Amino acid sequence: MRVNNRTSTRRALGRAPLAAAVWLAMGSMAFAQDSAPAADAAKDASEEGDDRAVLETITVTAQKRTEDLQSVPISLQVLGNETLEEQNIGDFDDFAVLLPSVSIDSGGPGFTRVYMRGVASGENGNHSGPQPSVGMYLDEQPITTITGALDVHIYDIERVEALAGPQGTLYGASSQAGTIRIISNKPDPTAFAAGYGLETNKISAGGVGFVGEGFANIPLSDSAAIRLVGWSKRDAGYVDNIYGERTFPTSGITDNNAEFVEDDYNDVRTQGARAALKLDFSDNWSITPTLMAQRQRQGGLFAYDENLGELNVSHGYPERADDDWRQLAMTVQGKVGNFDLTYAFAHLKREIDAESDYSDYGFWYDTLNGSGEWIYDDDGVLVNPSQYIQSEDGFRKRSHELRLASPGDEPLRFVVGLFWQQQSHDIQQRYKIDNLASDISVTGWEDTIWLTKQVRQDHDEALFGEVSYDFTDQFTATVGIRSFKADNSLAGFFGFSRGYFPQTDKPADSRYGEAGCAVRYGDGAANWEDFHGAPCELFNKSTDESDWLGRVNLSYQFDPDHMVYFTWSEGYRPAGLNRRGTLPPYVADYLTNWEAGWKTVWGDNTLIWNGAVFQEDWEDFQFSLLGANGLTEIRNANQAQIRGLESDLSWAASYNLRIGGGIALYDAELTENYCGWSVDGNSITVCPPGTLDPNGDPVTGPQAPAGTRLPISAKFKGNVMARYTWDSDWEPFFQATIVHEGARESDLRTVENEILGRLPGYTTLDLSAGFKWNDLNFDFFLRNATNEVAQFSRFVQCPERVCGDQTYVTVNQPRTFGVRFSQEF
């Protein structure tokens, strides 16, 4: 059980209100949104028939009971169905830019890493890394896999809820920095409804895309209904794979990519469907089984080579990702006396079959170290040392949650529940070189210079609960706790053949690949225990932990329209094991949050202004980096602190004009030195030049000194949205959305950040206009109207100090014009 520094943190809880007051007086700030944007305003004329408008009341279930958004004392933003449609939201990347508390590191559809509130250390998401720090839910079910969340197509969605800050007591392990919930429209037995949408779009200097989607809500009886949703779309490409040549210094071989030259080669085709059945057994009991599946075929790379100019790469091997997933879910809701009982089950299966160019690794190691002299064919002739990766990843996730909630209108109320989750990741990655000699290929794997064949298992279970008590009609206190147990295991093979890398100069316990098999099972390969086709089970490790998380919330309601609150809360990510099995495990990291916020409604419900200020202390945070052989290594970096202020505004300026926006300001930095290594999970903070790290390499000082900004998240992010609708039977409208995000660091470490370069700030403008004719909607949109290049990440294929001269940049989609036609009936 982990106790260390968190004990003192909890002892400090009693001093938290005083500390928060002092900090607020000093004016330290950082920002993120809390309420529904103005785009979700309802245009209701007053009883006098004048032009005044009011904002719609938004209902949410963020605290696992149905509540009015403005009465929920947490930092929470909601994008309602109207906003999702008006902003033409189709996937996660589309709505993430509208959430100032959210930052992304986009690796293409289905591979986006999500961060909230500046809680980011720069994970590259490679393979079997740390669990995400932001939890993703589809209705009641978690959809976050180890690689990242599912890329759910946003159509026929009721709302998206973004809960900022640790949500550990109610949502658990992967909700350390926040939780994003996608709430779908449910079957309705009271009436038939259907709709469809058709869209075509053209990217400037890119391809043509399309979207076709539709839904039908079909009552089967007075107590049963089915809702069917389907979609098919093509996201056009905009990155060109241009002709290029390379000459390898050792062999003199010149290679080119003529076979793979293609314009706009990073296109994506997606088909999917969702079917939900709702059965009402009585007025109090219902069951809703849901099946959702999606098939995605992605080509190319969603990044460009900075040496070749914007939106150009020169790769000579196949690049694709086939991402198929399906989730079976079931929600049972009922009443036990006056108490609401909910059971949620989900079973997720995800398969990713991918190929990717990895030729930079062979070229730069040959250029700098002459490694090409060890790459030959069966005749002993040197061959092209360029590598490419063929990978197969299989994910399984099964979860159960059972909870009981007391009546929400009582002064004393509670939510209590049980949670159980099991997830696995079957990993296979072949690093191939064409015509590689059999004696230096991994045994049984032709042309494979390196093989990773592993199985990862993650299990967690928890008992959680929250109790709220209204001391008066205005003052409420809430206390929550989550007691959890988690374990992680990793077993399998990784490494080279013994013929290529015998490692005779390495200590026996640090050898890997087939050389490690020989140490563990003896020299004769016949004695090795096969592991799913790999030469042997090289290692089998596990780690487990148990602990608890807490939350305290105090809220004061001055009147029905004005509330303030204070929160102390905790979140965590579980410990785990490194893909390089000879490395030690990494320990859990914890986030402790002190927050004060406000929720206000003004002008007869025509203006909503919400916000929060906070300080978060991040202990022993998990940090991923590319280590030896280009393998991801996970270490506990040290301590960090994030201070911030979050706010958003929604204004129904008139019956015709609605304006909304939000901002996020962050001061996120290390509070202690990061020297580059840790002992038993504890990061070393004193690293004077002349000392040696555990590998025997000389230390030249901290890799990141105290005060270093955390990567990925900007100091400022904000957006403004405005929509004007004219008085007409055709309801013509014009809408504009501006998003700005400031400059960001690309890596935590000083030298690596200088090699990769900073991520510059950007400002994008989206425009749309349209009209309605009877029940037909015609929309014309211009996304990224100024053709701004927004950089989301910068990376290399191998360690920065080797491949640093060949940096790749992931960016947003260039200017796109589109036309959309939709109808509901």
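Residues numbered from 1 in each chain as written. Predicted model: local features only at pLDDT ≥ 70, side-chain atom pairs only at ≥ 80, totals over all residues. Heavy atoms only, no water.

1. Things to note about the side chain of Asn241
Put simply, the test is: Helix and strand definitions here come from DSSP, where helices need a minimum of 4 consecutive H or I residues and strands a minimum of 2 consecutive E residues; each element is numbered from the N-terminal end. Between N or O atoms, a polar contact is any pair within 3.5 Å; within protein, one atom must be a potential hydrogen donor and the other a potential acceptor, and residues adjacent in sequence are included only when both atoms are from side chains.
Topologically, Asn241 is positioned in strand S13 (residues 240-241). Only 2.8 Å separates the side chain of Asn241 from the backbone nitrogen of His315, close enough to count as a polar contact.

2. Some thoughts on helix H7 (residues 513-521)
Filter applied, for reference: Burial classes: relative accessible area under 20% of the type maximum marks a residue as buried, over 50% as exposed, and values in between as partly exposed (1.4 Å probe, protein chains only).
In terms of residue burial, H7 counts as a mostly covered element, since seven of its nine residues are buried. Those residues of H7 lying buried are Gly513, Glu514, Ala515, Gly516, Cys517, Ala518 and Tyr521. Phi for Gly522, located one or two positions after H7, is positive at around 105°.

3. Quick notes on a nonpolar patch on the surface
As a reminder of what qualifies: In this scheme, patches are assembled from residues that exceed 30% relative accessible area and form no salt bridge. Like charges are connected within 9 Å, while nonpolar side chains (Val, Leu, Ile, Met, Phe, Trp, Tyr) are connected within 5 Å. For accessible areas, the Shrake-Rupley method is used with a probe of radius 1.4 Å. Any residue's cover is judged against the shown protein chains and nothing else. Salt bridge, as used here: a side-chain nitrogen of Lys or Arg that lies within 4 Å of a carboxyl oxygen of Asp or Glu.
Side chains of Leu402, Val416, Leu418 and Leu463 sit close together on the surface and give an oily, nonpolar patch of about 320 Å² of accessible area. Structurally, the position occupied by Leu418 is in strand S23 (residues 412-432).

4. Some remarks on a negative patch on the surface
Inclusion rule: Only four residue types enter the tally: Lys and Arg on the positive side, Asp and Glu on the negative side, with His and both chain ends excluded. To locate a charge, take NZ of a lysine, CZ of an arginine, CG of an aspartate or CD of a glutamate.
Together, Asp378, Asp379, Asp439 and Glu446 line one region of the surface with negative charge. With relative accessibility at 61%, the residue Glu446 sits in the exposed group.

5. So, the environment of Ala714
The condition that has to hold: The contact criterion used is simple: two residues touch if any of their non-hydrogen atoms lie within 4.5 Å.
Looking at the secondary structure, you find Ala714 in the loop between strand S35 (682-683) and strand S36 (716-725). C-alpha separation for the pair Ala714 and Pro760, spaced 46 residues apart in sequence, amounts to 9.6 Å. Not counting chain neighbours up to four residues away, the residues in contact with Ala714 comprise Tyr666, Arg709, Glu741, Gly742, Ala743 and Arg744.

6. Some details on the state of the cysteines
In plain terms, the rule: We call a pair of cysteine sulfur atoms a disulfide whenever their separation is within 2.5 Å.
Going through the model one piece at a time under the given rule, you end up with one disulfide. A sulfur-sulfur distance of 2.0 Å marks the disulfide that ties Cys517 to Cys536. Residues Cys517 and Cys536 are joined by a disulfide whose S-S torsion is about -85°; by sign, that bridge is left-handed. In this pair, Cys517 sits in helix H7 while Cys536 sits in the loop between H7 and strand S26 (539-559), placing the two residues 19 residues apart along the sequence. The exposure class assigned to Cys517 is buried, which follows from its relative accessible area of 0%. The buried category is assigned to Cys536, whose relative accessible area is 0%.

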